Amino acid sequence: MKELGKTLIEVNARNLGAPYARDQDLVRRLAAEQEVTRDYAQGNDLRLKTLSPLDIAFLEATRPKLDLDSLPKPMPQPRPPGARPAATMTQGHQAEMDAARIRQESIALRQGRPVLAIKDGDTVLEFAQSASTAWREKLVAASAQLRRTIPSVGRVELTNYVAAPSIGTAWMIVPEVVVTNRHVAEYFALRSAGGLRFLLGDDRRIPIGVKIDFAEEFGSQVEREFDVADIIYLAPITLPDIALLRVKGRSGLSMPPPLTLSRTSSVGKTVAVIGYPHRDPFLPEQKLMDEIFFNGYEHKQIAPGFVMNELTADIEHDCSTLTGNSGSPVIDLENGEVVGLHRAGIFLSRNFAVTPAGISQALEDARRPPIIGAETRQPAREPDATKLGGVMMANNEVKITIPLTITVSLGAPGGAMTVSGTTVTGQSDTPPRTGLTWEQIEAAIPAIRTILASRRDVLAVKPGFKVTRGVMTKEPVVVVSVRQRYAPEDLTSMGLLPLPTSIDGYPIDVAVATLEETLGLDLEAAAEAPWQSAYKKRKLKAVKEEMSITFCASPDTGWPELRSFLKKVDQTLTVAMYDFGAPHVVEAVRGAVASPGANMTLVLQEGESLDKKGAKKDDLKDAEVVDLLASDLSGRLAFSLASVYRPVGYKSNASGLFESSYHIKVAVRDNAAFWLSSGNWQSSNQAPVDEGKDIGTPTGMWNAYNREWHAIVEHAGLARTFRDHIERDLVEARETARPEAPAIERFVWIPIEYFEPETAAIEAPYLLRKSLTISGKIKVHPLLTPDNYAEVVVELLDRAQRRILFQNQTFKPSGDGNDRPGFRELIEVMLRKHRDPAIEDFRIIMRNGFDTDRRVATNIQRRGFDLERVRVNRRCHTKGIVIDDDIVVIGSHNWSGQGVTTNRDASLVIQDARAVKYFEDLFQADWLRSKPPEFDEDRPPVALVEPGDETVRPRMIKVPLAAWLAEQES
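One structure accompanies this document, and this report is about it.

## Concerning the packing of helix 15 (residues 583-592) against helix 16 (residues 622-633)
- Viewed as axis vectors pointing N to C, helix 15 and helix 16 meet at an angle of 20 degrees, and their least axial separation amounts to 10 Å. Considered as vectors, helix 15 and helix 16 are oriented roughly parallel to each other. Helix 16 is crossed by helix 15, and the crossing has right-handed handedness. Seen from helix 15, the contacting residues are Val586, Val589 and Arg590; seen from helix 16, they are Val625, Leu628, Leu629 and Asp632.
- By residue class, the composition of the contact of helix 15 with helix 16 is five nonpolar, no polar and two charged.

So this is what it looks like as C-alpha cells:
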C-alpha cells in the first residue's frame, strides 16, 4: 500500500497544474489560491473555521468497475465459503481487500477541486477547504445552466434492503427513463433466463423496491420520489458501465426533464459532477475526506473540475467524488450538456465517465435489441394461419413477425424428420419449450442440422446452454454457430432472414462460430483421443530434507529473482523451455555463461509465440536466440529442438516423444539449485522490472504482463534430478529427430478486443507482492508429465478436507466425460470435491479471451461444475493448486487431456504452511481482479486470412494461425 500511495501522490502532483484544461486563466488563479494552503499538501493540519453542513465539500474519484462479486458494497458482506476471518488474513491480503473497496470511488486531487452543497435547486457558493474566488465566479456564470440541470439528477434509493438504503446517482436521459451505472443497478437487478428482473430483498417474498428521489438536498425535507417500474437495460461487463431504468409517473408531481448529451469533444472543458457522495470508511485518507466533506454525505452536491482526456469509451476528469457519485452526470458548465456518465476512478489520480456516444449506443440497444438469438424477448409470432384466413404452412416453413409476416423456407418440403425417436417437423410457430433436458436437445440436433443445412451462414449446430446478454444460463438449447452475427437489415441485404428462435419448440441460440468450426477442425476430439509414444516413464520420489525455497510471482518480483538466480551460475546452466525470446532474459543468460569454463544445455520447443503490439513486441525468434548463444559459447552449447509429435502449426515429427508441446519451464544451476515456473522466458511472462524503463504502476503492470508463480529451490538432489531429465530429453530429441517439411504459414484475423485489457481490471488497485524465502526440512515431490503428475495430484485432491483453490490458464474437461485416462481421474476427483459439503471453499480461476470461451464454459457446466465458483482473467497464466492449509502445487501443467498426460511439463508439490499462505494470498488478490465468465456474442469472428490477402481490417490484428492456436496451450 505504501508503494501504491507513493506512485499516486506523484501522479497527483503532475495533475495539479491541469495542463489539459482549456481555461488556463482559471488554472492559474486556482494555483495562486492553493499557494495559501500549500502546507496542507505537506501533511499539516490546517483547520479552517468550523462551517455549517451547507459548507460541505465533496470529492469523488472512481476507478473502473470490476465485476460485482469482487466489488464490495456498503454493507456487511458474507465471506467466501471457507474464507478465514479478516483478523487472520495476511496484512497484504487485508490491504488488497481494502483496495478493492476503494476502486469504486475515490479522490482525485487534494486541493483545487472543491465540492459545494446544493439547496433549493441551486449551488451554495461556500467552500469547506478554502475560499475560492475563481471557482465562485465560474459557477455564478454557469448558474442558469446549473439550475436547469440540477432538478434532473436524483438519488437511487432501495426499500426492502436495509443494508443499503441509497446506493448511487441517476439522471433523466429521455422521458420516463433514467440512466445510472451497471454496477449501481446490480445491487437490485439480476440477469436471468427470462430477462432482467429485480432481486428479492430482506423479505424474501418480495423484490427490492427502487426509487429515484430528485431532491434530497441540504437542509430540506422535501422529497421528489418516483418508483422504478422496469430495468430496461443492463450492459454486459464487456460494454460501458450503463444501466437504464424506467420510472413511473406520480400524481401531483411532474417528472424532471431529460438532460442533453453533448455532441462535441470534451477534452479540457470546465465541467461539474452533480450527485450524492457517500462517506467511504475504506478510503486511505479519512482525514482528507472529512476535511473536504465534513458530515454532509448522501445529499445532492456539485463538484467542478476539468476533463483531462478522451478515450475510446471514456472521458477522464478530475472533479472530486466519493462512492455514491456513481451514475452522476458530468456537466459542461458552458452549456449544461452532459459530457459523461461518471463511473469510476483512481485515488489521487483521475476519474472515468462513459462518453455520450456510449450512452447513445446503450439507448439504441435498449430500443432495438438484437434479433438474432441474443435477446430473451422473442419476436411476435403469428398465432394460427387458419384464424387469419391464411394458408396452412408446409412442414419446412416458419412464420415469424419482425413486424412483417414472412415465410421462411428451412429445408426440403415434405414430412417430419424422426431421429432416434425425436420428431422434428421444422415448424417454428409454436413457443419454445421449457424444461428440456440436455439429452432431448441432443437427440433433436441431427434433424435440425439437416433442416438448416441449406443456409450458407450456418457452420455448426450443436447442443449448448443459452447465453442471455453475455451470461450463460443453465437452460439447454440448440446452439447454431454462424459465420458472423448481423443486424436484420444486413441479413436482408444478403438474402437471408434471421434464424428462428425455435424449431418445433426446440429453442435456438445463435453464436459466432469458432475458428475451428470455420475450418472444420475438431481439436477437442483430437485432445480426447488416446496417443502412445516410445517415451519411457521415469520415477520421481518425494524428498523431505533440509532445503531453502524462494517463492515469487510475476509481474511482481519474478524477473528480479530469476535474474539473481542466473547471476549465480558457476559451471553449468541446463534449461528446458517452451518459449525463450525476452531480450532481457537472453542477455542475462548470455552473461551467466560468459565464463570460458561455463557450459549450457538447452532443449526448446519449436515455434515462438510473438505479439508485435504487446509486451512481446521486441522479443526474439528461436533461431535468433540459439544463434546468439552458439556464437557466445563456441561449442559449449548443447542444443536441440524438443522431440514433439505434432506441435500445433509447426513441423511434425512422426517419432516425437511428446504429443503436442514441450511445455516445461525449468532451469538448473550447476547441481545446486533450480528455477521452476508456470512462465516462459518471454517478456509477457517475465516483466522487465528494474530494467531501466518505466513499465507502469503495479496496476498497469498487472494488465500488461501475465500472472505467474515461480519457485527457486536450493537442494542439490532435486537439482540433479531435473538436470538428468533435461539432459536425457536432449539425447532422445537428437535420436528421434526426423522433421518433415514445414507447412505453409497461414494467418488469421483476430478482433482487437482479444488483446485489450478487460474493463474489470483496467485500474483496479494492485499491491506488489514481495518474494518469500523459507528454509528447513521441507517435503517436496517433483512431478513430470508423462511420468507421474496425474497419479500424484489425484491422490492429493482426494485427501482434501477443507478447500481447493485452483488457478490455471487451462481447464478443459470434456462435456460428456470422455476425457482420456489420467485427465479423466483428475476431473472426476475435482467434481467429487466440488460436490462435497465438507469442502468449504472450492474456487477456480482460469484464463479467457479466446474464441473457444463459450465452448469451454459449456463443457465445464455440463460436466457438473457451478460457474458461480469460476472466474476468468486474460492474464491468468498460472498453473497452481492450493489444497487445505498445508499443500500447494505449482508448475507448468495445463489442465487439458494432453497437458497432464502426454506433453512434457514440470511441477512441484510443496508441503508447507508458509508456502500455502503465500500462494493463497496471491489467489485471493487474483480472485478480486477476475470476473465471472461472460461472452460477447456480437464480437467479430476469428477469420482465416486468404492467401494473397493484403487488406487491412479495422480493429482486427493479423497473427499466425499457429501462434493463435498455440497461445491457448502456452
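## A look at the sheet that holds strand 3 (residues 153-159)
- Pairing in this closed barrel of six strands is antiparallel, and the strands run 3-4-5-10-9-8 around the ring. The mean inter-strand angle of the sheet, taken between neighbouring strand axes irrespective of direction, is 45 degrees.
- Bridge count for strand 4 (residues 166-174) against strand 5 (residues 177-180) is three bridges, and the pairing is antiparallel. Bridge pairing links Met172 to Val178 in strand 5.
- The strands that helix 9 (residues 356-367) touches are strand 4, strand 9 (225-234) and strand 10 (243-247); relative to strand 4, the one it contacts most, it runs at about 80 degrees.

## Quick word on the sheet that holds strand 32 (residues 747-751)
- One open sheet accounts for three strands, arranged 40-32-41; its pairing is antiparallel. Taken across any chain shown, the strands that pair with only one partner, and hence form the sheet edges, are strand 40 (943-944) and strand 41 (956-960).
- Sheet topology note: the strand 32/strand 41 ladder contains five bridges and is antiparallel. Residue pairing in the sheet places Pro751 in a bridge with Met956 of strand 41.

## A closer look at helix 14 (residues 558-567)
- Counting buried positions along helix 14 gives seven out of ten residues, so the element sits mostly inside the fold.
- Taken together, the buried positions of helix 14 are Gly558, Trp559, Pro560, Leu562, Arg563, Phe565 and Leu566.
- Buried residues along helix 14 sit against strand 25 (543-554), strand 26 (572-577), helix 15, strand 29 (665-669), strand 30 (673-677) and strand 31 (708-714).

## Things to note about the pattern of salt bridges
- Counted by the stated rule, this structure contains 40 salt bridges.
- Between Arg799 and Glu795 there is a salt bridge whose closest N-O contact spans 3.4 Å.
- Between Arg803 and Glu920 there is a salt bridge, with the nearest N and O atoms lying 3.0 Å from each other. Of this pair, Arg803 sits in strand 34 (residues 803-808) while Glu920 sits in helix 22 (residues 913-929); the two residues are 117 residues apart in sequence, bridging distant segments of the chain. In this pair, the class of Arg803 matches that of Glu920, namely buried.
- Because the salt bridges share partners, they merge into one network encompassing Arg538, Arg728, Asp729, Glu732, Asp787 and Arg904.

Cut-offs applied
Residues numbered from 1 in each chain as written. Predicted model: local features only at pLDDT ≥ 70, side-chain atom pairs only at ≥ 80, totals over all residues. Heavy atoms only, no water. Axes fitted to C-alpha atoms, helices over the stretch in contact; angles between N-to-C directions. Helix = DSSP H or I, 4+ residues; strand = E, 2+ residues; numbered from the N terminus. Parallel < 35°, antiparallel > 145°, perpendicular 65-115°, else oblique. Left-handed = near helix turned anticlockwise from the far one by under 90°. Contact = heavy atoms within 4.5 Å. Nonpolar A, V, L, I, M, F, W, Y, C, P; charged D, E, K, R; others polar. Pairing = 2+ DSSP bridges. Buried < 20%, exposed > 50% of the residue type's maximum accessible area, 1.4 Å probe, protein only. Salt bridge = Lys/Arg side-chain N within 4 Å of Asp/Glu carboxyl O.

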